[in-house]
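Chains, contacts and geometry: an overview
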Amino acid sequence: MAKITRPQRAKPVPVRKPAKNAAKAAPKTAVKKAAKTSPAAKSPAAKAKAGSVKPVKKALKAVKPWTPAEIREAFSRFAQANPEPKGELEHLNPYTLLVAVVLSAQATDAGVNKATRPLFAIADTPQKMLALGEDTVRDYIKTVGLYRTKAKNVIALSQKLIAEFGGEVPRTRAELESLPGAGRKTANVVLNMAFGEHTMAVDTHVFRVGNRTGLAPGKTPLEVELGLEKVIPAEFMLHAHHWLILHGRYTCLARKPRCELCLIKDLCRWPEKTA
C-alpha cells in the first residue's frame, strides 16, 4: 500500500498584543515633551500653576522688622517690671549651676530643683560628686527625664573638671561645650549666670518668643540667638535671656498666649494676638 504523507501546517506567527497603557502613555509623553519645549511652560505663571513655584503672596506676608526704638522700648518695659530677673534653677555655685543646667534638658526647672536640693546638700563640688559615684547620683535624679544618661554625664563632667580644669568651671564657651552633656545653651547659661557674660541662651521659650513676636525670627536656636544678640542693646543683654524666658514661660505661652497681660502686645508682630 502506498504511504500517504500529509502536508505540515505552518505554525502560526504569534501576534504581540499592544501594551494596555501604550495608547495612553504615548500622548502623555508627547505632552511632556511639548511642555518642556513650549515657551509658555517656562513662564513664572505656568510654573506657579503647576505647583513648582511657591506663590509670590507668601513674600508679602514677611514680618516687618522691629525698629531700634521699639526694641529699646520693649526691654525698657521688661526692666521696669522686673529689674533683677533670676533664673529658676536652684544652685549654690558655678559647679552646681552647671550640673543643674545639664539636668534640665528635656525637663522642667521645678522637677530638676526637687531632685538637686538633697543632691547638692551633700555634693556641691566635682570631688564630692565623684565620690558619690554614678549609681548614687542616679538614685538622686531618677525623677528627672533621661536620668541614666544624665547621671553618666554628671560623673564624666566632674572627672573632666578635676583632670583638666583644676576642679573649677571653665569660663569660655569652647571649654564648657567640651564637657559631657553640655551644649551651647548650657554654656550660655553658665557664662551669663555664673560669670556675668552678655550671652543669649535660647531654650524653647526664647525660641518661641523670638519667632512669634518677630523680634528675631529664625529656623534654628542659633539663628534666633545671633539675631537677638544683634538687635538687643548692650545695656539690656545681661538680663535679656531671663526676661525672654520668663515672658515665654508665663505670658507668651505655646498653646494659649496671655496677650491681655503682655507688656509688649502693642509692639508684637504676631497677627493672631488674643487681645
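Moving on, we get to the overall build of the chain. A count of helical and extended segments in the chain gives 14 helices and 0 strands. Within the chain, the fraction of its 275 residues that count as buried is 36%. Relative to all contacts within the chain whose residues are 6 or more apart in sequence, the contacts with residues 24 or more apart total 60%. Here the chain displays about 17500 Å² of accessible surface, and carbon together with sulfur accounts for 58% of that area.

Let us now look at helix H13 (residues 221–231). For H13, the set of buried residues is Val224, Glu225 and Leu228. Down the axis of H13, the sector holding all buried residues measures 100°, keeping them to one side. Where H13 is buried, its residues touch helix H10 (173–177), helix H11 (184–195), helix H12 (204–212) and helix H14 (237–250).

The tally for this structure, following the rule as stated, stands at 4 aromatic pairs. In this structure an aromatic cluster arises from ring pairing among Phe75, Phe78, Phe236 and Trp243. When the ring centre of Trp270 is taken as reference, the NZ or CZ atom of Arg212 above it lies at 4.6 Å.

Quick look at helix H9 (residues 147–165) now. In a regular helix each residue adds 1.5 Å, so 19 residues correspond to 27 Å; H9 covers 25 Å between its end C-alpha atoms and thus fits that length. Residues of H9 that are buried: Lys150, Ala151, Asn153, Val154, Ile155, Leu157, Ser158, Leu161 and Phe165. In the core, the buried residues of H9 are packed alongside helix H5 (94–103), helix H7 (126–132), helix H8 (134–140) and H10. Residue Gly166 follows H9 closely and has a positive phi angle near 65°.

Glancing now at the packing of H5 against helix H6 (residues 109–122). Where H5 meets H6, the closest approach of the two axes is 10 Å, and the angle between their N-to-C directions is 145°. For the pair H5 and H6, the sense of crossing is right-handed. Taking contact as the criterion, the partners of Thr96, Val99, Ala100 and Leu103 in H5 are, on H6, Val112, Thr116 and Phe120. Looking at side-chain class alone, the contact of H5 with H6 contains 5 nonpolar, 2 polar and no charged residues.

Relative to the helices and strands, Glu225 is located in helix H13. Looking at Glu225, the relative accessible area reads 3%, which means it is buried. A polar atom in the side chain of Glu225 sits 2.8 Å from the side chain of Arg184. Beyond its immediate chain neighbours, meaning those up to four positions away, Glu225 contacts Arg173, Arg184, Asn188, Met200 and Val202.

Assignment of secondary structure puts Gly248 in helix H14. A C-alpha to C-alpha distance of 8.5 Å links Gly248 and Thr204, two positions 44 residues apart in sequence. Among residues more than four places away in sequence, those in contact with Gly248 are His205, Arg208, Val209 and Leu253.

What counts and how
- Residues numbered from 1 in each chain as written.
- Predicted model: local features only at pLDDT ≥ 70, side-chain atom pairs only at ≥ 80, totals over all residues.
- Heavy atoms only, no water.
- Helix = DSSP H or I, 4+ residues; strand = E, 2+ residues; numbered from the N terminus.
- Buried < 20%, exposed > 50% of the residue type's maximum accessible area, 1.4 Å probe, protein only.
- Contact = heavy atoms within 4.5 Å.
- Areas by Shrake-Rupley, 256 points an atom, 1.4 Å probe, with all protein chains shown as cover.
- Arc of directions from axis to C-beta.
- Phe/Tyr/Trp six-rings, centres within 6.5 Å; stacked < 30°, edge-to-face > 60°.
- Lys NZ or Arg CZ within 6 Å of the ring centre and 35° of its normal.
- Expected span 1.5 Å × (residues − 1).
- Axes fitted to C-alpha atoms, helices over the stretch in contact; angles between N-to-C directions.
- Left-handed = near helix turned anticlockwise from the far one by under 90°.
- Nonpolar A, V, L, I, M, F, W, Y, C, P; charged D, E, K, R; others polar.
- Polar contact = N/O pair within 3.5 Å; in protein donor to acceptor, adjacent residues only side chain to side chain.

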